[in-house]
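The lines below spell out each chain.
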Amino acid sequence: MAKRDYYEVLGVAREAGEDELKKAYRKLAMQFHPDRNQGDAAAEARFKELNEAYDVLKDAEKRAAYDRYGHAAFEQGGGPGGFGGGGSPFGAGFEDIFEEMFGRFGGGGGRGRPRQASGRGSDLRTGVEISFEEAYAGVKKTVRIPTTVQCEACTGSGAEGGNASVQTCATCQGQGKVRAQQGFFLIERTCPTCGGQGRTIKNPCKVCQGAGRVQRDRTLAVSIPAGVEDGTRIRLAGEGEAGLRGAPAGDLYVDIGIKPHPIFQRDGANLFIQVPLRMTQATLGGHVEVPSLDGTRSRVTIPAGTQAGAQFRLRGKGFSVLRSAARGDMFVQVSVETPQNLTPKQRELLEQFEAEAAKAGKSSPEAEGFFAKVAAFWDGLGR
Ligand SMILES: [Zn+2]
Ligand SMILES: [Zn+2]
């Protein structure tokens, strides 16, 4: 089985920095997320491949090993340099990769809670796509997540009629862990039956079979703050899977995708709009009206002699800056149109203009500067 190069999987160069990796990963993960590609096995495979690649490349040590030895660095028993030798090739961080392969993640990245064999519910993640305007104003979105919730019949205890006497778990013989072959890896993971507790309930609840939680699609209203950026991840603590038999629930991570806008572009909190000017407007000066995302119109004064590429700033008309009262600005960037399809009258006027311009011999400082440099160039050549 040929494995694709991790850099190729993420579509980045080998020297890509951390930010670039993260950006590429988020974009592709959004695209191939299982929630968006239900039943599409190819997308699911891509998603797993992406997570695997990113998990290695985001970690400086794993990345160095990969750069040196390629995939062999992570094959069980293989790879020079002491990576083999059975067991987990990554040590403690290994659980993350396993979790990520299956579209979930543990307390990876060091900021999550430590995972214990407590039966804490899994973290879940989902994606939601919003419009440019919604990102500007903030929006409440409903997300639907297949998850587990606390069983109502036993209020999460897993015991029928409140009799919570326990017995040794038959799946793991009380070990709390099970081993399974997963591709190259022999992995050990928390027993799915007892959630690592090694014990199950003698008299299990008939609704949840003793798990204390049941499968259900949940809908959740997510408040997306004004000013979010494409790829922002929102964490909703305790909104992931319910824990086993009353253990704490996991968290839900919502990745925000923002659709592009037909007339506005964005860079952080700043907003950009390109406005074409008639040649005469740019030359003589005037006013243009531009729309803003807040639904108002702004009148922009164009000074006489405005050049293509000039930029005018409308303060405070950009996006909100997250977690602050500050706002970005809106920049009106102008282009200057060369007229086409002239009427005979326009042609006549422009011919008169050209004759007058040639006679006056003056144009913009930019053009004069350019011709002065050309003259200096010829002088330099001695011609
Ligand atoms: Zn067990
Ligand atoms: Zn129950």
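Each remark here, short or long, concerns the structure printed above.
Being a predicted model, the structure only gives us computed values, none of them experimental. (Residues numbered from 1 in each chain as written. Chains lettered and ligands numbered in written order. Predicted model: local features only at pLDDT ≥ 70, side-chain atom pairs only at ≥ 80, totals over all residues. Heavy atoms only, no water.)

Details of the sheet that holds strand E1 (residues 124-130)
Within a beta sheet, neighbouring strands are joined by backbone hydrogen bonds and run either parallel or antiparallel to one another.
Next up, step 1: The strand order across the open sheet built from three strands is E1-E9-E8, with neighbouring strands paired in mixed fashion. Edge positions in the open sheet fall to E1 and strand E8 (233-236), since each of these has one partner strand only. Across the sheet, the mean angle separating the axes of adjacent strands is 25° when strand polarity is ignored.
Next up, step 2: Relative to strand E9 (residues 252-258), E8 is paired through four bridges, and the arrangement is antiparallel. Counterpart to Arg235 in the pairing with E9 is Tyr253. (Pairing = 2+ DSSP bridges. Helix = DSSP H or I, 4+ residues; strand = E, 2+ residues; numbered from the N terminus. Axes fitted to C-alpha atoms, helices over the stretch in contact; angles between N-to-C directions.)

With respect to the sheet that holds strand E14 (residues 311-314)
Next up, step 1: What the four strands build is an open sheet, ordered E10-E11-E15-E14; its pairing is mixed. Sheet topology places strand E10 (264-267) and E14 at the edges, where each strand pairs with a single neighbour. Neighbouring strand axes in the sheet, compared pairwise and without regard to direction, differ in orientation by 30° on average.
Next up, step 2: Pairing analysis gives four bridges linking E10 to strand E11 (residues 270-278), with the strands arranged antiparallel.

Brief notes about the environment of Ser157
Next up, step 1: Residue placement: Ser157 occurs in the loop between strand E2 (139-150) and strand E3 (166-168).
Next up, step 2: When the C-alpha atoms of Ser157 and Ala247 are compared, they prove to be 9.3 Å apart, with 90 residues separating the residues in sequence.
Next up, step 3: Excluding residues that lie within four positions of it along the chain, Ser157 makes contacts with Ile201 and Arg245.
Next up, step 4: In terms of polar contacts, Ser157 uses its side chain to reach the backbone amide nitrogen of Ala159, at 3.2 Å. (Contact = heavy atoms within 4.5 Å. Polar contact = N/O pair within 3.5 Å; in protein donor to acceptor, adjacent residues only side chain to side chain.)

A few points about the coordination of the zinc ion (ligand 1)
Next up, step 1: At this site the zinc ion (ligand 1) is bound by Cys169 (SG), Cys172 (SG), Cys191 (SG) and Cys194 (SG), with donor distances of 2.2 to 2.3 Å.
Next up, step 2: Between the four donor atoms coordinating the zinc ion (ligand 1), the angles at the centre fall across 103 to 114°, so the site counts as tetrahedral. (Donors = N, O, S within 2.8 Å, 3.2 Å for Na, K, Ca; no water. Tetrahedral: all angles 85-135°; square planar, octahedral: opposite > 155°, others 65-115°.)

With respect to unusual backbone geometry
Next up, step 1: Unusually for a residue other than glycine, Arg323 sits at a positive phi of about 55°.
Next up, step 2: Mapped onto the elements of the fold, Arg323 is located in the loop between E14 and strand E15 (330-337).
Next up, step 3: Despite not being glycine, Asn341 has its phi angle at roughly 50°, a positive value.
Next up, step 4: Mapped onto the elements, Asn341 comes out in the loop between E15 and helix H8 (344-360).
Next up, step 5: Its relative accessible area of 77% is what places Asn341 among the exposed residues. (Buried < 20%, exposed > 50% of the residue type's maximum accessible area, 1.4 Å probe, protein only.)

Overview of the nonpolar core
Next up, step 1: The biggest cluster of nonpolar side chains holds 36 residues, and the ones touching the most others in it are Ile130, Ile224, Ile256, Val300, Phe319, Met330 and Val332.
Next up, step 2: Excluding residues that lie within four positions of it along the chain, Val300 makes contacts with Gly286, His287, Val288, Val290, Phe312, Leu314 and Val332.
Next up, step 3: With 23 residues, the next largest nonpolar core counts Tyr7, Leu50, Ala53 and Val56 among its residues. (Core = buried A, V, L, I, M, F, W, Y, C linked by side-chain atoms within 4.5 Å.)

Quick notes on the coordination of the zinc ion (ligand 2)
In ideal tetrahedral geometry, four donors around a metal make angles of 109.5 degrees, whereas ideal octahedral geometry with six donors gives angles of 90 or 180 degrees.
Next up, step 1: Binding of the zinc ion (ligand 2) to the protein goes through Cys151 (SG), Cys154 (SG), Cys205 (SG) and Cys208 (SG), at separations of 2.2 to 2.3 Å.
Next up, step 2: Considering all four donor atoms around the zinc ion (ligand 2), the spread of angles at the metal, 103 to 114°, places the coordination shape in the tetrahedral class.
Next up, step 3: Sequence spacing of the donor residues for the zinc ion (ligand 2), all on one chain, is C-x2-C-x50-C-x2-C. With Cys151 in the loop between E2 and E3 and Cys208 in the loop between strand E6 (199-201) and strand E7 (213-224), the pair connects residues that are 57 residues apart, well separated along the chain.

A few points about the packing of aromatic side chains
Next up, step 1: If you walk through the whole model with that rule in mind, you get eight aromatic pairs.
Next up, step 2: Geometrically, the ring pair formed by Tyr7 and Tyr66 is tilted, given 6.1 Å between the ring centres and 40° between the ring planes. Of this pair, Tyr7 sits in helix H1 (residues 6-10) while Tyr66 sits in helix H4 (residues 60-69); the two residues are 59 residues apart in sequence, bridging distant segments of the chain. Like Tyr66, Tyr7 is buried.
Next up, step 3: With 5.5 Å between their ring centres and 75° between their planes, Tyr136 and Phe319 make a pair best called edge-to-face. (Phe/Tyr/Trp six-rings, centres within 6.5 Å; stacked < 30°, edge-to-face > 60°.)

Quick notes on the environment of Gly309
Next up, step 1: When you line up the elements, Gly309 lands in the loop between strand E13 (297-302) and E14.
Next up, step 2: Residues Gly309 and Val334, 25 residues apart in the sequence, show an inter-C-alpha distance of 5.4 Å.

Notes on H8
Next up, step 1: Its 17 residues give H8 an end-to-end C-alpha distance of 24 Å, which sits within 8% of 24 Å, the value for a rise of 1.5 Å per residue.
Next up, step 2: Backbone geometry just after H8 places Gly361 at a positive phi near 65°. (Expected span 1.5 Å × (residues − 1).)

Focus on the packing of helix H3 (residues 41-57) against H4
Next up, step 1: It is the contact of H3 with H4, at a shortest axis distance of 6 Å, that shows an interaxial angle of 105°. With respect to H4, the element H3 is oriented roughly perpendicular. For the pair H3 and H4, contact is made by Asp55, Val56 and Leu57 and by Lys62, Arg63 and Tyr66, respectively.
Next up, step 2: Of the residues contributing to the contact of H3 with H4, the split by class is three nonpolar, no polar and three charged. (Parallel < 35°, antiparallel > 145°, perpendicular 65-115°, else oblique. Nonpolar A, V, L, I, M, F, W, Y, C, P; charged D, E, K, R; others polar.)

Points about H3
For the α-helix, the turn length of 3.6 residues means that residues three or four positions removed from each other point alike.
Next up, step 1: Between the first and last C-alpha of H3 there are 24 Å, a value that for 17 residues agrees with the 24 Å anticipated at 1.5 Å per step.
Next up, step 2: Residues of H3 that are buried include every one of Ala43, Phe47, Leu50, Asn51, Glu52, Ala53, Tyr54, Asp55, Val56 and Leu57, and no others.

A few points about the pattern of salt bridges
Next up, step 1: By the definition in use, this model includes 23 salt bridges.
Next up, step 2: Salt-bridge contacts for Glu188 lead to Arg179; the nearest nitrogen and oxygen are separated by 3.4 Å.
Next up, step 3: For Glu188, a relative accessible area of 45% corresponds to the partly exposed category.
Next up, step 4: Judged by relative accessible area, which is 59%, Arg179 ranks as exposed. (Salt bridge = Lys/Arg side-chain N within 4 Å of Asp/Glu carboxyl O.)

Structural notes on a negative patch on the surface
Next up, step 1: A surface patch of negative charge is lined by Glu15, Glu18, Asp19 and Glu20.
Next up, step 2: Looking at the secondary structure, you find Glu18 in helix H2 (residues 18-32). (Patch = residues over 30% accessible without salt bridge, like charges linked within 9 Å, V, L, I, M, F, W, Y side chains within 5 Å. Areas by Shrake-Rupley, 256 points an atom, 1.4 Å probe, with all protein chains shown as cover. Lys, Arg positive; Asp, Glu negative; His and termini not counted. Charge placed at Lys NZ, Arg CZ, Asp CG, Glu CD.)

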